[in-house]
Amino acid sequence: MQELMLRMALGVIVLDLITKDLAVRFLENSSNIVLIPAIFGQSAGPVLQLTFVRNSGAAFSLGSNTTWVFTLLAFVISFYIYRTGRKVVRLSWAICLGAMLGGAVGNLIDRLFRSPGVFRGAVVDFIQIPYWAIFNIADMGVSISAVIIAAMTLFGKDPYKEFKKMSEYLLEVEESQEGLRIDALLSSSFDLSRTKVASDIDAGSVLVNGKIALKSHRVTTGDKIIYNPIIKTAINPADQVTTIPILFADEDIVVIDKPVGVAVHASPGWEGPTVTASLSALGHTISTSGAPERQGIVHRLDVGTSGVMVVAKSELAYESLKDQFRDRTVKKIYHALVQGHPDPSKGTIDAPIDRHPQENYKYAVVNGGKDSVTHYETMEAFAGASLLKIELETGRTHQIRVHMAAIKHPCVGDSMYGADPKLAVKLELLRQWLHASELTLRHPKTGVDMTFNSTYPQDLTLSLTRIAEAYK
């Protein structure tokens, strides 16, 4: 909305400057030009005419010969309108504030640059209506917008049709709001109770960059937030449960073989099954440490990635596993089918990863990103693809997918990161070929090293068979 306001302001400024320039060129030394003649007799005078004047006062020739006062006021008013407009959430308000800002700046330009001098310039007026005043486009922008805003404020209604429903709030996160919890941000921005906002977030009424938000979400600069209390898309927890193979479980940890199509925990926009909901349905009590929607989660696998992962059940396990992952003592082995043949066939990718600078929900190798190290080794080569054994030294979001794409060997089926969709169709593969095959960790209580393995699921096994047979 701020962008719309500024565009509106710019439009008013340009139109105001053009019309004033035409008035100076063609009206300054000429007589009045009647545009609409008298309707109710000649004594009433024309309904609308062009009459050139130079105004040293305020709008509509008020307060003549006090130009410097109104120049300072125009500065203050323009700044205030701009600051107010940064929080605008409605289309009509953005348009009105933009027109007001454009009008204020349009006349301010006159006061700064027209004769007789800086801070003393006379404003060009040229539109005259009988029994009222002579004014310009900038004055029209200010006055008409002021009337509309006064009406909206008085009646508490928006008299103009908006693109969105009137109950919908729109907000773009500013740099000064970086890191705030979304419930706190919305509460303060729209003068609503935090309890009300939290309830609406739980009901699915808040979207961040088009995805359903969670209360614990911390915003980043540029996030686009839509908050519509009318929308209630609460997800039934029962819909997020599926059967998950258990590889190991005791009172401290549960190790699972995560199927493809299952998210680790609830997240914005995801309505499918989750690991946390499925484990709870099986009777596993998960650690309460961590954010509410991802309690007990110490590492994650993408929705489209299958394989072995561990979840903390006790607080002791949560702290121990977090430390192990942070200290990089956990051994994580993945298998990935990638396009082409990496050269060398065995190597290390050491490249920092962070959010993609242009595309939401993607990550990329970025200067100044987080330290990210991936070790790979070719296990088997096919015509046009290679099966790799990959060990992660770090654990960044989408790390394997990003690193393999960065060396021009994306995971087969990973269209998000540039994989050839034709190859995926040929292999009847509906997701990226990536599987967490092995996980070695130290048991939080006993201190014993434990290794867990996961075999390929059916879709990955069949795709390997197809690519081997296709290129015999």
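Here the structure is shown first, and the text comes after it.
Everything numeric in this text was worked out from a predicted model, so none of it was measured.

Caption draft 1: Representation of helix α6 (residues 194–202) within the structure. All buried positions along α6 are accounted for by V197, A198, D200 and I201. For α6, the angular spread of the buried residues around the axis is 165 degrees, confining them to a single face. Contacts from the buried residues of α6 go to α5 (182–189), β6 (206–208) and β8 (224–227). Positive phi shows up at G204, right after α6, with a value of about 85 degrees.

Caption draft 2: Inspection of the pairing of strand β13 (residues 346–350) at higher detail. Side chains G347 and I349 of β13 all project onto a buried face; the interleaved residues K346, T348 and D350 project onto a face where none is buried. Direction of pairing for β13 relative to strand β16 (residues 373–382): antiparallel, over a ladder of five bridges. Paired with G347 across the bridge in β16 is Y376.

Caption draft 3: Structural context of the sheet that holds strand β4 (residues 134–135). Pairing is antiparallel across the open sheet formed by four strands, whose spatial order is β1-β2-β3-β4. On the outer flanks of this sheet lie β1 (33–36) and β4, each paired with one strand and no other.

Caption draft 4: Broad picture of the packing of α5 against α6. Remark: α5 packs on α6, axes separated minimally by 9 Å, with the N-to-C direction vectors making an angle of 125 degrees. Classified by the angle between their axes, α5 and α6 sit oblique to one another. The hand of the α5/α6 crossing is right-handed. Side by side, α5 and α6 meet where I182, D183, A184, L186 and S187 of the first sit next to R194, V197 and I201 of the second. By residue class, the composition of the contact of α5 with α6 is five nonpolar, one polar and two charged.

Caption draft 5: Representation of the pattern of salt bridges within the structure. In this structure the tally under the stated criterion is 17 salt bridges. For K224, the salt bridge is made with E172, and the minimal N-O distance between the two is 4.0 Å. With K224 in strand β8 and E172 in strand β5 (residues 169–172), this pair connects stretches of sequence that are 52 residues apart. Here E172 falls in the partly exposed class, since its relative accessible area comes to 43%. A salt bridge links R326 to D327; the shortest N-O distance between them is 3.6 Å. We classify R326 as exposed; its relative accessible area is 56%. The partly exposed category is assigned to D327, whose relative accessible area is 47%.

Caption draft 6: Main features of unusual backbone geometry. P344 follows D343 through a cis peptide bond whose omega is 10 degrees. Mapped onto the secondary structure, P344 falls in the loop between β12 (331–339) and β13. One non-glycine residue with positive phi stands out, namely H398, at about 60 degrees. Note on placement: H398 falls in the loop between β17 (385–392) and α9 (399–406). Backbone geometry at E428 places phi at a positive 55 degrees, although glycine is not the residue there.

Caption draft 7: Representation of the side chain of S372 within the structure. Mapped onto the secondary structure, S372 falls in the loop between β15 (363–365) and β16. A polar side-chain atom of S372 sits 2.8 Å from the main-chain carbonyl oxygen of K370. With residues near it in sequence (within four places) discarded, S372 still touches I349, D350, A351, P352, I353, T394, R396, Q399 and H403.

Caption draft 8: Local environment of a nonpolar patch on the surface. A cluster of nonpolar side chains, namely L10, V14, I18, L22 and F26, defines an oily patch on the protein surface of about 490 Å² accessible area. When you line up the elements, V14 lands in helix α1 (residues 2–26). By relative accessible area, V14 is classed as partly exposed at 41%.

Here is what the cut-offs are and how they apply
- Residues numbered from 1 in each chain as written.
- Predicted model: local features only at pLDDT ≥ 70, side-chain atom pairs only at ≥ 80, totals over all residues.
- Heavy atoms only, no water.
- Buried < 20%, exposed > 50% of the residue type's maximum accessible area, 1.4 Å probe, protein only.
- Helix = DSSP H or I, 4+ residues; strand = E, 2+ residues; numbered from the N terminus.
- Arc of directions from axis to C-beta.
- Contact = heavy atoms within 4.5 Å.
- Pairing = 2+ DSSP bridges.
- Axes fitted to C-alpha atoms, helices over the stretch in contact; angles between N-to-C directions.
- Parallel < 35°, antiparallel > 145°, perpendicular 65-115°, else oblique.
- Left-handed = near helix turned anticlockwise from the far one by under 90°.
- Nonpolar A, V, L, I, M, F, W, Y, C, P; charged D, E, K, R; others polar.
- Salt bridge = Lys/Arg side-chain N within 4 Å of Asp/Glu carboxyl O.
- Polar contact = N/O pair within 3.5 Å; in protein donor to acceptor, adjacent residues only side chain to side chain.
- Patch = residues over 30% accessible without salt bridge, like charges linked within 9 Å, V, L, I, M, F, W, Y side chains within 5 Å.
- Areas by Shrake-Rupley, 256 points an atom, 1.4 Å probe, with all protein chains shown as cover.

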